[in-house]
Amino acid sequence: MSIFKTIALVLLFSWAQVLSAQSADYQFIDNTYVSYIRTVQFGPDGFPNVMPLLRLGEGGQLRLQFDDMEAGVKNYNYRVIHCDRDWQPSSLATMEYLDGFDEEVLRDFSFSFKTLENYTHYELLFPNQDMSMRVSGNYLLVVFDDENDRFPIVTRRFVVAEQQANTVARVVRPASVQRIHTHQEIDFTVDFQRLNVRNPRTELSATVLQNRRWDNAITDLKPQMIRGKEAIFDYQNKIVFPAGNEYRILDLRSLEAPQSDILDLRIKDEEYIEGDLAPLRTRAFNAHLAAPDLNGSYVISNLDEGGDSDRTADYVDMLITFKTGQDYEFEDVYLFSEHTEWQIKPE
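Residues numbered from 1 in each chain as written. Predicted model: local features only at pLDDT ≥ 70, side-chain atom pairs only at ≥ 80, totals over all residues. Heavy atoms only, no water.

### Looking at the overall build of the protein chain
Part 1 of the reasoning: In terms of regular secondary structure, the protein chain is built from three helices and 25 strands.
Part 2 of the reasoning: Its C-alpha atoms give the protein chain a radius of gyration of 22 Å, within 12% of the compact-globule value 20 Å for 347 residues.
Part 3 of the reasoning: Its C-alpha atoms give the protein chain principal-axis dimensions of roughly 70 × 55 × 40 Å.
Part 4 of the reasoning: Burial status across the protein chain gives 41% buried among its 347 residues.
Part 5 of the reasoning: Of the contacts formed within the protein chain by residues at least 6 apart in sequence, a portion of 69% connects residues at least 24 apart.
Part 6 of the reasoning: If the 34 positive side-chain charges of the protein chain are averaged to one point and the 55 negative ones to another, these points end up 9 Å apart. (Helix = DSSP H or I, 4+ residues; strand = E, 2+ residues; numbered from the N terminus. Rg over C-alpha atoms; globule rule 2.2 N^0.38 Å. Buried < 20%, exposed > 50% of the residue type's maximum accessible area, 1.4 Å probe, protein only. Contact = heavy atoms within 4.5 Å. Lys, Arg positive; Asp, Glu negative; His and termini not counted. Charge placed at Lys NZ, Arg CZ, Asp CG, Glu CD.)

### Quick notes on the sheet that holds strand β22 (residues 272–277)
Part 1 of the reasoning: Here we have three strands laid out as an open sheet, ordered β21-β22-β24, and mixed in their pairing. Across the chains shown, the open sheet's two edge strands, defined by having one partner strand only, are β21 (262–268) and β24 (316–319). Along the sheet, successive strands turn relative to each other by an average axial angle of 20°, direction set aside.
Part 2 of the reasoning: Bridging between β22 and β24 involves four bridges; their strand directions are parallel. Bridge pairing in β24 places I273 opposite V316. (Pairing = 2+ DSSP bridges. Axes fitted to C-alpha atoms, helices over the stretch in contact; angles between N-to-C directions.)

### A look at the environment of R253
Part 1 of the reasoning: Looking at the element boundaries, R253 is found in the loop between β20 (240–242) and β21.
Part 2 of the reasoning: With 51 residues separating them along the chain, R253 and D304 place their C-alpha atoms 7.6 Å apart.
Part 3 of the reasoning: In contact with R253, not counting residues within four places along its chain, are S301, N302, L303 and D304.

### Details of the pattern of salt bridges
Part 1 of the reasoning: A full pass over the atoms with the stated rule returns 23 salt bridges.
Part 2 of the reasoning: Measuring nitrogen to oxygen at the nearest pair gives 2.4 Å for the salt bridge that ties D264 to R266.
Part 3 of the reasoning: Here D264 falls in the partly exposed class, since its relative accessible area comes to 32%.
Part 4 of the reasoning: The exposure class of R266 is partly exposed, given its relative accessible area of 28%.
Part 5 of the reasoning: Among the ionic pairs, K345 bridges to E341, the shortest N-O distance being 2.5 Å. (Salt bridge = Lys/Arg side-chain N within 4 Å of Asp/Glu carboxyl O.)

### With respect to the confidence of the model for the protein chain
Part 1 of the reasoning: Mean pLDDT over the protein chain: 88, with 93% of residues reaching 70 or higher.
Part 2 of the reasoning: Within the protein chain, strand β5 (residues 62–68) carries the highest mean pLDDT (97), whereas strand β1 (residues 7–13) carries the lowest (44).
Part 3 of the reasoning: Across residues 1–23 the pLDDT falls below 50, and counting only partners more than four positions away or on other chains, this stretch makes 75 contacts in the model. (pLDDT = per-residue confidence, 0-100.)

See below:
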């Protein structure tokens, strides 16, 4: 199986920017700030597992959706912040990068149906008639609770792009012999003849992402060579990503006919469902088996009810066990995927 399913190349101008004086209780990363918000998905409308990227002026939309496990109806608002290449607030005023209102109410919500655990499902589709982006660049979407302290609940990064340069990339074997079988290297060339660039070595900067992940993105890449109107990014052992391991698959689409690796499912106190997953074992010394997957992402699907899975899918308190041949007395084991927002979280 190929190490990369998706490689994003983002070319940025490095104009000098002065950070706006804006205090915030949130970070400029993909993050959830309260424990009762679950299953946050963000991507192009109809494609929640694709990188959230819009092309300026082409009419696309992004969809954000999440569940509030406290149920009921809350006053959630959202706003969009334009960022520089380092994901800090840019020097642009709101009216310079937004058309419409700078803050709006999240109005689209529905209640869970035929589930043991009650939740409210929220959705946001934008750009919309209330808010749209005027310029390209990095953006942060912030959703916050408008009651009392107006605290944030979710932040998500997205990019608005303009096709002003042509990029040709290729995946090659790393130059380092030690990495040939474990890593892949990216080389690419950028044709910038349509851009007004005087000094491409200082004005151009590139960011390379693996599978939509920002946690291991390689940033602030400068052209290694300029050939006419082409910027060449051909580094040795710099734009390199490790393959990592194949992700484990947990299939909970049907609770009436569960997959064979689910040992048991049971209803607790008529309030929630809990279950046991068959013990996981290391695959380090087994033959590699490739299978189609989402590279750590996930989908929402309910095969038992059909129809609207966003409202009929139930939550399961699943016990996951990792069986090893050694003690982990001074070490920790973590779950890591898009479900954890590509973070090593204590919980």
